Amino acid sequence: VNFHKEIKDGRLKIDNITFGSPKVGNNEFSNLYAELIEHNCHYFHNSDPIPCVPVFNFYSTGNCFQINKKTESRFYSISYHLLECYVKHLEELRE
């Protein structure tokens, strides 16, 4: 199966939602991904270090949404990468 062709032809639609994922490719990759994957959301916590790596020449894909309050201080800790942290902050947004 040629997934790339099926996606480009519109026969295969993919939605992608990520939480705390790292940057995945260079600018060219990011642009191609955005072209092929119509609905793509990337949720991140401001203090989660994982979405910040790799630092140079890599980009996040899709629409990026910060799930914690923008006024919170930025203190990197791997504990902010835990699923429980993301669930907690998403529940706070719902309230």
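For the structure itself, look to the data block above.
Residues numbered from 1 in each chain as written. Predicted model: local features only at pLDDT ≥ 70, side-chain atom pairs only at ≥ 80, totals over all residues. Heavy atoms only, no water.

A. Structural view of the overall build of the protein. Check the secondary structure of the protein and you find three helices and three strands. Each principal axis of the C-alpha distribution contributes one length, and for the protein these read about 45 × 35 × 20 Å. Here the protein holds 95 residues, and 24% of them are scored as buried. Contacts in the protein between residues far apart in sequence, at least 24 positions, make up 66% of those at least 6 positions apart. (Helix = DSSP H or I, 4+ residues; strand = E, 2+ residues; numbered from the N terminus. Buried < 20%, exposed > 50% of the residue type's maximum accessible area, 1.4 Å probe, protein only. Contact = heavy atoms within 4.5 Å.)

B. Spotlight on unusual backbone geometry. Cis geometry marks the peptide bond from V53 to P54; its omega dihedral reads -15 degrees. Its location among the elements puts P54 in the loop between β2 (39–44) and β3 (63–66). In the Ramachandran plot, N57 falls in the positive-phi region, its phi being about 65 degrees despite a non-glycine side chain. Within the element layout of this structure, N57 appears in the loop between β2 and β3.

C. The arrangement of the packing of aromatic side chains in detail. With the rule as written, the count across this model stands at four aromatic pairs. Between F29 and Y33, the ring centres sit 5.8 Å apart and the planes meet at 35 degrees, which makes this aromatic pair tilted. On the criterion of helical spacing, the pair formed by F29 and Y33 is a turn pair, its members being four residues apart in helix α2 (residues 27–36). For F29, a relative accessible area of 36% puts it in the partly exposed group. Put simply, the rings of F19, Y43, F65 and Y86 touch in pairs and so form one group of aromatic residues. (Phe/Tyr/Trp six-rings, centres within 6.5 Å; stacked < 30°, edge-to-face > 60°.)

D. Looking closely at the pattern of salt bridges. For the structure shown, the criterion picks out three salt bridges. D9 serves as the salt-bridge partner of K5, at 3.0 Å between the closest nitrogen and oxygen. Residue K5 is classed as partly exposed on the basis of its relative accessible area of 43%. Given the relative accessible area of 44%, D9 is considered partly exposed. Here R11 ties to D9 by a salt bridge, and the two come within 3.4 Å at their closest N and O atoms. One network of salt bridges, with partners in common, ties together K5, D9 and R11. (Salt bridge = Lys/Arg side-chain N within 4 Å of Asp/Glu carboxyl O.)

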